[in-house]
Amino acid sequence: MARDLRFTRNIGIAAHIDAGKTTTTERILYYSGVNHKIGEVHDGAATMDWMAQEQERGITITSAATTVYWKYRSNDYHVNIIDTPGHVDFTVEVNRSLRVLDGLVFLFSAVDGVEPQSETNWRLADNYKVARIGFVNKMDRAGSDFLGVCKQVKEKLGSKAVALQLPIGSEENFRGVVDLVNNRGIIWNEEDKGMTYKVVPIPDDMVEEAAEYREKLLESVAEYDESLMEKFFEDPNSITETEILTALRKATIDMAIVPMVCGSSFKNKGVQTMLDYVMELLPSPMDKDTIVGINPDTNEEVAIKPDEKGPFVALAFKIATDPFVGRLCFIRAYSGVLESGSYIYNTRSEAKERISRVFQMHANKQNQIERLSAGDIGAVVGFKDIKTGDTLCDEKNKVVMESMVFPEPVIGYAIEPKKQADVDKLGMAIAKLVEEDPTLRVNTDQETGQTILRGMGELHLEIIIDRLKREFKVEINQGAPQVAYKEALTKSVEHKEVYKKQTGGRGKFADILFELGPRGELQEGDKEGLEFVNDIVGGVIPREFIPAIQKGFEQSMVNGPLAGYQIDNMKVRLFHGSYHDVDSDSLSFELAARIGFKEAAKKCAPQLLEPIMSVEVLSPDEFTGSVTGDLNRRRGVMKGMDTRSGAQVIKADVPLAELFGYVTDLRTITSGRASASLTFSHYAPVPKNLAEKVIEDVKGAALAK
């Protein structure tokens with residue numbers, strides 16, 4: 001039986017670390033009847049944090065998917081929820097989840113408000129055009145301020161935050177809310193853990209404030225919906241609850257308004273009303289714009305509609321390894337139906353895959369289902385080769401959906417197994433982890449022969465190494481953390497390269513004249529990499545050799561002239577050369593380009609670049625001097641100071657090379673009272689004296705081998 005897609009919601013829960021995402025998801029599972037007891041993060045018993053590392057650290061590392069049912073206005077809603085991590089090292093998990101979600105519940109802590117990772121995730125949600133509701137959690141905590149957070153969401157995140165509720169009672173006396181949509185009070189019943197609530201009149205001391213904020217709500221709705229404007233001016237009270245909700249829903253889906261509600265998940269308050277608003281205001285798969293894909297054979301655009309009768313199209317957004325069923329691939333179906341035991345076509349590998357079974361996910365347990373239909377999220381097993389970001393479709397109706405772009409890793413460790421016998425085991429384990437996590441890269445250093453594991457931050461790699469030990473039973477030794485430097489050319493030079501080799505029989509010959517240097521400013525939509533300009537006229541080099549020359553330069557960018565680090569962008573203009581009728585071939589020209597690059601790049605004033613992190617420290621007043629002094633010693637550039645809930649917020653750009661072990665040092669300086677968040681910002685030139693040392697160290701390590 002086909003499900004009515006209007007009653008499906010694909011939502012995520014996103015926020016800064018420690019705003020209470022997992023606790024909120026646990027409450028949703030409890031209220032929707034999936035769990036009969038509430039799992040707590042601080043007891044290490046949360047259902048959604050099922051990895052051992054998550055339970056120990058009390059943080060979410062992988063985004064877990066679960067399915068619940070919610071009754072709202074006598075309709076049964078089918079809700080797929082993805083609980084995403086808040087820690088900056090795992091932004092990729094948020095990124096790929098947002099790609100397949102229709103709506104988002106964005107959590108803020110009522111005490112801390114908008115924090116750095118909230119901003120990062122908010123920008124990602126804007127990027128993928130995901131409609132959202134703001135849920136201000138921890139209203140029971142000292143210093144909570146619902147309207148203050150709404151104001152921050154407006155100012156810091158540049159969005160139109162509109163309060164739909166006002167809290168009744170504050171801090172530990174927080175016991176209910178005034179619902180501004182239908183102008184009444186709600187008090188949660190303590191006896192049944194907030195499962196039920198009673199409707200009460202608005203408390204006398206809040207009548208004025210409620211009237212003021214209800215008018216603001218009506219004004220925002222009327223601004224969006226012209227048809228309500230007249231009613232608003234004549235008599236705001238004539239606007240009915242249904243009209244408010246209909247206009248609010250349109251405005252939310254259009255991302256013109258962010259409705260804000262509040263509660264305390266830990267105290268079981270406000271989660272149910274928030275869920276009701278998810279059903280009421282967030283989009284179903286039917287409300288999203290038609291998604292456009294490309295037919296890989298004809299390059300024509302294809303409209304993908306959420307229709308079960310259409311051809312099957314899905315996006316793989318996560319690969320996970322499950323001890324019982326093996327490799328699982330999480331997919332979001334956009335069109336058509338996938339039956340278990342059927343075949344699908346993977347447009348990246350251009351191969352057919354048989355899907356043996358289809359599951360509905362509940363954290364790390366699975367319920368087998370017969371079919372997955374358009375608009376739904378599920379997991380499949382039995383495939384051979386599917387990667388994150390692959391489009392899976394019907395072979396007769398090929399289509400490619402826009403894939404996902406993942407950030408480059410900035411930090412690496414050299415690793416080796418403790419026992420020689422574990423070499424193969426380590427190789428297999430790393431292959432599995434890299435398949436699951438696209439921001440994890442592994443490469444072998446050509447010069448030293450070491451295996452380098454690279455990722456998004458110290459915590460990221462720490463957890464990967466921990467997983468190697470526990471899940472894959474491989475003990476490893478790790479070297480000191482290494483920074484992922486890059487190189488850049490800063491001036492242009494002309495160079496002539498003649499490649500000649502005479503052996504018995506045919507020789508090798510290629511002659512090229514080119515200009516090598518930096519690329520200009522990249523415009524929006526430009527891809528990083530090599531800008532290759534072919535200015536050859538009159539056929540002095542035959543056309544069929546040009547791609548080989550371009551390939552030679554492209555491959556050379558992996559090894560920069562200073563210390564063998566990657567070059568992201570450069571420009572080559574090929575303008576003259578010559579060839580030999582017999583001895584010239586593609587390989588000769590490719591080699592000429594490689595050798596030419598090596599010689600010419602040294603003269604292009606190459607520069608070493610290092611990753612710069614954006615650091616935000618939240619510290620009590622009395623430690624401000626020590627914290628800023630310490631950041632200055634680490635070559636930090638101060639970006640400004642701010643106050644947030646009585647503490648100082650210190651912002652600075654600091655080179656990653658100076659930040660190893662920073663969080664531990666910061667605890668020491670501030671007696672454990674400050675916290676920091678580090679986000680990758682950009683690459684910048686390394687000061688000359690330090691650059692010389694880095695280059696020397698790299699060359700020294702290569703010689704030592």
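Residues numbered from 1 in each chain as written. Predicted model: local features only at pLDDT ≥ 70, side-chain atom pairs only at ≥ 80, totals over all residues. Heavy atoms only, no water.

**Observations regarding the packing of aromatic side chains**
This model, assessed by the stated rule, comprises 12 aromatic pairs. Centroid distance Phe 106 to Trp 122: 4.9 Å. Interplanar angle 70 degrees. Geometry classified as edge-to-face. With Phe 106 in strand S4 (residues 103–109) and Trp 122 in helix H4 (residues 116–127), this residue pair connects regions lying 16 residues apart in the sequence. The burial state of Phe 106 is the same as that of Trp 122; both residues are buried. Ring geometry for Tyr 485 against Tyr 565: centres 5.5 Å apart, planes inclined by 55 degrees, an arrangement best described as tilted. Remark: Tyr 565 occurs in the loop between helix H12 (546–556) and strand S33 (569–578) and Tyr 485 occurs in the loop between strand S28 (482–483) and strand S29 (486–488); sequence separation between them is 80 residues. This pair shows no difference in class: Tyr 485 is buried, exactly as Tyr 565 is. The ring of Trp 122 has Arg 132 lying over it, and the distance from NZ or CZ to the ring centre is 4.5 Å. One residue, Lys 352, lies across the ring of Tyr 343, its end atom 5.3 Å from the ring centre. (Phe/Tyr/Trp six-rings, centres within 6.5 Å; stacked < 30°, edge-to-face > 60°. Helix = DSSP H or I, 4+ residues; strand = E, 2+ residues; numbered from the N terminus. Buried < 20%, exposed > 50% of the residue type's maximum accessible area, 1.4 Å probe, protein only. Lys NZ or Arg CZ within 6 Å of the ring centre and 35° of its normal.)

**As for a positive patch on the surface**
Side chains of Lys 418, Lys 419, Lys 425, Lys 469 and Lys 473 sit close together on the surface and give a patch of like positive charge. Here Lys 418 shows up in the loop between strand S24 (411–417) and helix H10 (423–436). (Patch = residues over 30% accessible without salt bridge, like charges linked within 9 Å, V, L, I, M, F, W, Y side chains within 5 Å. Areas by Shrake-Rupley, 256 points an atom, 1.4 Å probe, with all protein chains shown as cover. Salt bridge = Lys/Arg side-chain N within 4 Å of Asp/Glu carboxyl O. Lys, Arg positive; Asp, Glu negative; His and termini not counted. Charge placed at Lys NZ, Arg CZ, Asp CG, Glu CD.)

**Overview of unusual backbone geometry**
One non-glycine residue, Asn 183, lies in the positive phi region at around 55 degrees. As for its placement among the helices and strands, Asn 183 is situated in the loop between strand S8 (176–179) and strand S9 (184–188). Not every positive phi belongs to a glycine, and Glu 350 is a case in point at roughly 55 degrees. Looking at the element boundaries, Glu 350 is found in the loop between strand S17 (343–346) and strand S18 (351–354).

**Here we look at the sheet that holds strand S30 (residues 493–501)**
If you walk across this open sheet you meet the four strands as S30-S31-S33-S32, and the pairing is mixed. With one partner strand each, in any of the chains shown, S30 and strand S32 (529–534) form the two edges of the open sheet. Neighbour-to-neighbour, the strand axes of the sheet open up by a mean angle of 30 degrees, direction not taken into account. Packed onto the sheet, H12 meets strand S31 (508–517), S32 and S33 and runs at close to 150 degrees relative to S32. Each of S30, S31 and S33 touches helix H13 (residues 586–601); the most contacted strand, S31, lies at about 40 degrees to it. (Pairing = 2+ DSSP bridges. Axes fitted to C-alpha atoms, helices over the stretch in contact; angles between N-to-C directions. Contact = heavy atoms within 4.5 Å.)

**Observations concerning the side chain of Thr 252**
Among the structural elements, Thr 252 can be located in helix H8 (residues 241–253). A distance of 2.6 Å separates a polar side-chain atom of Thr 252 from the backbone oxygen of Leu 248. Setting aside residues up to four positions removed in sequence, Thr 252 forms contacts with Ala 131, Arg 132, Ile 257, Pro 259, Leu 281 and Leu 282. (Polar contact = N/O pair within 3.5 Å; in protein donor to acceptor, adjacent residues only side chain to side chain.)

**As for the environment of Ile 369**
With respect to the element layout, Ile 369 can be found in strand S20 (residues 365–369). The spatial distance from the C-alpha of Ile 369 to the C-alpha of Ser 340 is 7.9 Å, given a sequence separation of 29 residues. Contact partners of Ile 369, with chain neighbours within four places excluded, come to Ser 340, Val 358, Phe 359 and Gln 360.

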